[in-house]
Amino acid sequence: MEMLTTVALLIIILGLMVSLARYVRRRSAEDLTRRILINVHVAMAEYVKESHQTPEIESFIEGHAGDEAELMRTALINNRKFVQFFKTHKELSDKAFRDLPLSVYDEATIRDAWGTPIVFMPTMHRQIGMAPGQEWFFFSAGPDRLFLTRDDNQYSYEAVGAR
């Protein structure tokens, strides 16, 4: 009887530890993605403030009917364009990409903690999200890696506002 009680307690403790580990891992991924969004948003805000213009990077969703595979391809193109734009402005690149692990920034693309490209949106879009004042923003598709499921997407304007 004592042995069964001990085994039962060990199973309960292991279950709690696994649950806690999942929670910590999820929070860590969310925090890393939030930090990335804040970095790129602040760097872009400084550029826009100094130059009085937004870079000419088209929205990744224009002309697409919502096919997630196609959105992933165009998101990667969008991502590479804004990373290249940042790299042509050394001060932006330093602010946006400083201290990021190789797993999210490889000098050509910047990805969220789940491996999905961060996307630059030059204007709001009803399927993606709407920044205050219809301004530009960056966003992550979140843990489900689907761009059109807004409930778990992370947005730069929310991350900067919560800072």
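Residues numbered from 1 in each chain as written. Predicted model: local features only at pLDDT ≥ 70, side-chain atom pairs only at ≥ 80, totals over all residues. Heavy atoms only, no water.

Colleague: Which residues make up the confidence of the model for the protein, and what values do they have?
Modeller: A low pLDDT means the predicted coordinates there should not be read in detail. In this model, the protein carries an average pLDDT of 88, and 96% of its residues clear a pLDDT of 70 or more. Strand E2 (residues 137–140) holds the highest mean pLDDT among the elements of the protein, 93, whereas helix H4 (residues 156–162) holds the lowest, 83. (pLDDT = per-residue confidence, 0-100. Helix = DSSP H or I, 4+ residues; strand = E, 2+ residues; numbered from the N terminus.)

Colleague: Could you give an account of the sheet that holds E2, naming the residues involved and the relevant values?
Modeller: The antiparallel open sheet is built from 3 strands, whose spatial order is E1-E2-E3. Both outer strands of the open sheet, strand E1 (119–121) and strand E3 (154–155), are each paired with one neighbouring strand and no more. Where E2 meets E3, 2 bridges bridge the pair, whose relative direction is antiparallel. Across the sheet, Phe139 pairs through a bridge with Tyr155, a residue of E3. Contacting E1, E2 and E3, helix H1 (residues 2–51) crosses the sheet at an angle of about 165° to E2. Packed on one face of the sheet, helix H2 (residues 68–88) meets E1 and E2 and runs near 80° to E1. (Pairing = 2+ DSSP bridges. Contact = heavy atoms within 4.5 Å. Axes fitted to C-alpha atoms, helices over the stretch in contact; angles between N-to-C directions.)

Colleague: So what about the pattern of salt bridges? Which residues, and what values?
Modeller: Evaluated as defined, the whole model comprises 7 salt bridges. Here Arg26 ties to Glu30 by a salt bridge, and the two come within 3.4 Å at their closest N and O atoms. Of this pair, Arg26 and Glu30 are both found in helix H1, 4 residues apart, which corresponds to roughly one turn of the helix. Here Arg26 falls in the partly exposed class, since its relative accessible area comes to 40%. Between Asp94 and Lys90 there is a salt bridge, with the nearest N and O atoms lying 3.0 Å from each other. Of the two residues, Asp94 and Lys90 are both situated in helix H3 (residues 90–97); the distance of 4 residues between them amounts to about one turn of the helix. Classification of Asp94 as partly exposed rests on a relative accessible area of 39%. Judged by relative accessible area, Lys90 falls into the exposed class, the value being 57%. Taken together, the shared-partner salt bridges connect Arg27, Asp31 and Arg34 into one network. (Salt bridge = Lys/Arg side-chain N within 4 Å of Asp/Glu carboxyl O. Buried < 20%, exposed > 50% of the residue type's maximum accessible area, 1.4 Å probe, protein only.)

Colleague: Can you lay out a nonpolar patch on the surface for me, pointing to particular residues and giving the numbers?
Modeller: Taken together, the side chains of Leu9, Ile12, Ile13, Leu14, Leu16 and Met17 present a nonpolar region at the surface, about 620 Å² in accessible area. Relative to the assigned elements, Ile12 resides in helix H1. (Patch = residues over 30% accessible without salt bridge, like charges linked within 9 Å, V, L, I, M, F, W, Y side chains within 5 Å. Areas by Shrake-Rupley, 256 points an atom, 1.4 Å probe, with all protein chains shown as cover.)

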